[in-house]
Every structure is written in structure tokens, then in C-alpha cells.
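Single-letter residue listing:
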Amino acid sequence: MPNLTKIQPEDATNALLGFDNGEEFRVPYLTLRFECPCATCVDEMTGKRTLRKETLRADVKPKQILPVGRYGISIAWTDGHSTGMYHFDRLYEIARKEL
Ligand SMILES: [Zn+2]
């Protein structure tokens, strides 16, 4: 899996994600927020997503993005949610799904 090399705002509703294999993807903020992998959004026992998309604000955006080691980022969102740690592998999967 490629490593994330950049994540930046693309426009009002999309982020631009770049990977070290040269691929770039536009991914809606809402998708990134919905795919949050934290224990609040996904049941740790079953792996089932407990977060429902209709409960998210359509205009949700990252407020702060911080690196986590060499393998991931954490995103603090404008809706106050900040417990999600996104592994690069997971970000790549999310980005590919949006193609
Ligand atoms: Zn979460």
C-alpha cells in the first residue's frame, strides 16, 4: 500500500489526497468523516459501523490534521469529533472507493 504524502483542502467539500505512488484523489470531507475508524464510530467487537451518515452535518470539514507516527494521521473535525486515527492503508482504500 502506498503512503500518504499530502492531504489538503481541494474545495468547499473535497480534500485532495496524494500518495507516494503518484496517485491523487479527490475525497469528500463527508466521506472521510463517515469512514472514521474510531471506537465511537465502529463497534470494536463486530467491526460494524455504528455511525449513521444521516447524523453527520453535510458541511463537516477537518479543523486540524496531525501526523501519527509514519503510518497515519488523526483528524479533528468541525463537528467536534477528534478520536479518529486514519491509517494510510485505510485512507488509500477510502480514496480508491471514491473513484
Ligand atoms: Zn470516530
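Use the structure listed above.
Please read all numbers here as calculations on a predicted model, not as lab measurements.

Rules and cut-offs
- Residues numbered from 1 in each chain as written.
- Predicted model: local features only at pLDDT ≥ 70, side-chain atom pairs only at ≥ 80, totals over all residues.
- Heavy atoms only, no water.
- Helix = DSSP H or I, 4+ residues; strand = E, 2+ residues; numbered from the N terminus.
- Rg over C-alpha atoms; globule rule 2.2 N^0.38 Å.
- Buried < 20%, exposed > 50% of the residue type's maximum accessible area, 1.4 Å probe, protein only.
- Contact = heavy atoms within 4.5 Å.
- Areas by Shrake-Rupley, 256 points an atom, 1.4 Å probe, with all protein chains shown as cover.
- Lys, Arg positive; Asp, Glu negative; His and termini not counted.
- Charge placed at Lys NZ, Arg CZ, Asp CG, Glu CD.
- Donors = N, O, S within 2.8 Å, 3.2 Å for Na, K, Ca; no water.
- Tetrahedral: all angles 85-135°; square planar, octahedral: opposite > 155°, others 65-115°.

Enquirer: Mind laying out the overall build of the chain, listing which residues take part and the relevant values?
Expert: When its secondary structure is counted, the chain shows two helices and six strands. The N-to-C order of helical and strand elements in the chain reads β-β-β-α-β-β-β-α. A compact globule built from 99 residues should have a C-alpha radius of gyration of about 13 Å, and the chain, at 13 Å, falls within 12% of that. Along the first, second and third principal axes, the C-alpha set of the chain runs to 35 × 30 × 25 Å. Within the chain, the fraction of its 99 residues that count as buried is 39%. Contacts in the chain between residues at least 24 apart in sequence constitute 35% of all its contacts with a sequence separation of at least 6. In the form shown here, the chain has an accessible surface area of approximately 5,900 Å², with 50% of it arising from carbon and sulfur atoms. Mean positive and mean negative side-chain charge positions of the chain (14 and 14 charges, respectively) differ by 4 Å.

Enquirer: Outline the coordination of the zinc ion, supporting the account with residue identities and numerical values.
Expert: Protein-derived ligands of the zinc ion are Cys36 (SG), Cys38 (SG), Cys41 (SG) and His81 (NE2), with the metal-ligand distances lying across 2.1 to 2.3 Å. Given four donor atoms and angles of 99 to 116 degrees at the metal, the environment of the zinc ion is assigned as tetrahedral. Mapping the donors of the zinc ion onto the primary sequence yields the spacing C-x1-C-x2-C-x39-H. Here Cys41 is found in the loop between α1 (29-34) and β4 (62-68), whereas its partner His81 is found in the loop between β5 (72-77) and β6 (85-87), with 40 residues between them in sequence.

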